[in-house]
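# Inside the fold
Spelled out from the first residue to the last, the chains are:
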Amino acid sequence: MAEPLRCVSGESVVTGWDFSTGAVKCLAFDMRGNTLAEVRLPTDLWTEGGVSELNLLQLEGQARASVRALAAELRTQGRLHDWAAGGISATHHTAGRIDANHVQVRRAICWNDHTLAAYHAQGLGRVGGQEHVRRLIGGPWAIRYTLSHLVKDEAHLSSSDWQRTSKILPHGGLAGGFLTGHFDSISVSAAASTGIMDLRSKQWCRGMLEALEKSEHRELAWIQLPRIVDHYTALGPLSESLALEAGIDTEQRPLVFPTSDDQQAGLVGGGAVEAGQMAVILGNSAVVNSSSSQLPMTGDLDAMCLNWGPYLWMRCYNNGAGFLDHIVGTKPDWDRLEQQARATPPQAGGVSVMPFLAPEPSLGVAARRLQWIPREPSHPGVKFRAALEALAYLIARGVHAHEEAGQRITRITVSGGIARSQLMCEILASVLDRPLERLYSNEGPALGAAVTALAALENHLRRQSGIDAPFTVADAVAVLVKFREPISPNAAWHESYKQGLRDFELRL
């Protein structure tokens, strides 16, 4: 039985920000899990020369603009005074540098920066290889982690920029700072995405900085890391200047709580907060996450810590919505495509596609490989179905990797923009031969950020009131996360998809 809210008013509104490399979203939820208002803002990345970088001045503008826009929406509904708290989801591994005035030293390097592989290899050699990394921090250091950015900085950042850096902060920590004015702390979830935190002690591991060549850089990085804090401890209220700008009563500013990386947020938004529960997020990247009480038994998965204790296992694919947009365009007639694809038989009538618009290191795909077999079809429904099937095969590989690493899966939820497709969900259920739970909300990370904020707010208020009984993230899930009817496998498709998955794996 879930613990009920005792301190947070039933009229309260909580918000969830989702700062991603594709867009920024901020959604407001009431205490029945209904979406009251939402704001969506674009993100423009610097990609010249094969990099993927985010201007922190843009991030500051996104944070402030989202508050102004959301406050206006809530004011129109007469609910602005009910806005009690907000949580943040932000892209894992993306990190930037700011000076003492909170001004950009360099852009944030994003998770999909394909130049990082060489620097990661250099640093991994210095630190003694992945086995030594596991001894140091209990899990892997993957290419996209923040530590790889610091190795790259040794080749590209001037000595003066190393010196004037005040804080090295992940995407969400920076967003939280621009919202509250406090830039000195991050959560366990965000720190786990750096490759520098010991997943067992939840403290920074100085030994991982041996990946850097120069001792002065190791010393500077050590003092420039933020402190790791309890996720129930607020970063602070919205800054006074931002509240004034948005027309919010400065005496009733919403509290903002430490960030979730987007993988934790997606897991929570999918309701998968207990060991064995899995959340599939079909967004810009296609992600397979699960909660576990232990670290993986194999080295094939990324492993991070959840803010409330257990571990998060992850298989993250570079190829998700971007691949699908490349195949069908960014603004097709989705309803018509869905009808045409459903009229196409399983395995797209004999057509398949290798969906690697970008490299996929976890599968050994080192370069772009967008390949139609036997040839690219002209019929849009066939192309759409083949693309959905390819993504389903990717997800199946991720699910199997979790099982091989020791996970006993008890439930799979699915969310994200691609999950709006009923056909996609039915294909995936049939490939996996498992029922899927689909959320009412397609904005898993934003919802997850709001859920963690609600848990933090209730605990914050209980501490003030001297109430010892805890209110867990799982309890907050029961308040805000709502599910549709489960999607069952299509028995008529199962055998065909067993063969389709085998064929896909043979072509890797």
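This text goes with the structure placed above it.
Here's what I pulled together on the structure shown here. (Residues numbered from 1 in each chain as written. Predicted model: local features only at pLDDT ≥ 70, side-chain atom pairs only at ≥ 80, totals over all residues. Heavy atoms only, no water.)

### Considerations on the overall build of the protein chain
Helix and strand counts for the protein chain stand at 17 helices and 24 strands. The C-alpha radius of gyration of the protein chain comes to 22 Å, within 12% of the 23 Å expected for a compact globule of 508 residues. Judged by the C-alpha coordinates and their principal axes, the protein chain covers about 60 × 55 × 40 Å. Buried residues in the protein chain amount to 62% of all 508 residues. Pairs at least 24 apart in sequence give 73% of the contacts found in the protein chain among residues at least 6 apart. When the accessible area of the protein chain is evaluated, it comes to approximately 18900 Å², of which 48% is carbon and sulfur surface. (Helix = DSSP H or I, 4+ residues; strand = E, 2+ residues; numbered from the N terminus. Rg over C-alpha atoms; globule rule 2.2 N^0.38 Å. Buried < 20%, exposed > 50% of the residue type's maximum accessible area, 1.4 Å probe, protein only. Contact = heavy atoms within 4.5 Å. Areas by Shrake-Rupley, 256 points an atom, 1.4 Å probe, with all protein chains shown as cover.)

### With respect to helix H6 (residues 171-180)
Summarising burial for H6: ten of the ten residues are buried, a large majority. Buried within H6 are the following residues: His171, Gly172, Gly173, Leu174, Ala175, Gly176, Gly177, Phe178, Leu179 and Thr180. A positive backbone phi angle near 90° is found at Gly181, which sits one or two residues after H6.

### A few points about the sheet that holds strand E23 (residues 411-415)
Taken together, the six strands give an open sheet; going across it, the order is E19-E20-E18-E17-E23-E24, and neighbouring strands pair in mixed fashion. Each edge of the sheet is formed by a strand with only one pairing partner; in this case those strands are strand E19 (302-305) and strand E24 (437-438). Sheet topology places E23 next to E24; two bridges connect them, and they run parallel. Paired with Val414 across the bridge in E24 is Arg438. (Pairing = 2+ DSSP bridges.)

### Quick word on the side chain of Ser187
Tracing the sequence through the fold places Ser187 in strand E10 (residues 185-187). The exposure class of Ser187 is buried, given its relative accessible area of 0%. Sequence-distant contacts of Ser187, defined by excluding residues within four places in its chain, comprise Ile228, Val229, Pro258, Thr259 and Asn307.

### Some details on the packing of aromatic side chains
Counted by the stated rule, this structure contains seven aromatic pairs. Taking the centre distance of 5.9 Å and the plane angle of 55° together, the rings of Trp334 and Phe384 count as tilted. You can see Trp334 sitting in helix H12 (residues 334-342) and its partner Phe384 sitting in helix H13 (residues 380-404), a full 50 residues away along the chain. You can call Phe384 buried: its relative accessible area is 2%. (Phe/Tyr/Trp six-rings, centres within 6.5 Å; stacked < 30°, edge-to-face > 60°.)

### Details of the pairing of strand E2 (residues 23-29)
The side chains of a regular strand alternate between the sheet's two faces. Extensive coverage of E2 is indicated by the burial of seven of its seven residues. Of the two faces of E2, the one holding Ala23, Lys25, Leu27 and Phe29 and the one holding Val24, Cys26 and Ala28 are both buried throughout. Looking at chain direction, strand E1 (residues 13-19) and E2 are connected through six bridges and run antiparallel. Along E2, the bridge assignment pairs Phe19 with Val24. In this structure, the hairpin formed by E1 and E2 is closed by a connection of three residues. Here E2 runs beside strand E3 (residues 35-42); their pairing, made up of seven bridges, is antiparallel. Looking across to E3, one finds that Phe29 is bridged to Thr35. The hairpin formed by E2 and E3 contains five residues between the paired strands, and Gly33 there has a positive phi angle of roughly 85°.

### Remarks on the packing of H13 against helix H17 (residues 491-507)
Where H13 contacts H17, the two axes come as close as 10 Å, and the packing angle between them is 75°. Viewed along their axes, H13 and H17 adopt a mutual orientation that is roughly perpendicular. Contacts from Arg385, Glu389, Ala390, Tyr393, Leu394, Ala396, Arg397 and His400 of H13 reach H17 at Trp493, Tyr497, Gly500, Leu501, Phe504 and Glu505. (Axes fitted to C-alpha atoms, helices over the stretch in contact; angles between N-to-C directions. Parallel < 35°, antiparallel > 145°, perpendicular 65-115°, else oblique.)

### Comments concerning the nonpolar core
Counting residues in each nonpolar core, the largest one holds 86 residues, and the members touching the most others are Phe19, Val67, Trp83, Trp141, Met208 and Ile248. Looking at this core element by element, the count peaks at seven residues for helix H1 (residues 56-76). When near neighbours in sequence (up to four residues on either side) are disregarded, Trp83 contacts Val13, Thr15, Trp17, Val67, Leu70, Leu74, Leu238, Ile248 and Pro254. If you look at the next biggest cluster of nonpolar residues, it comprises 54 residues, including Ala321, Phe384, Leu432 and Leu436. (Core = buried A, V, L, I, M, F, W, Y, C linked by side-chain atoms within 4.5 Å.)

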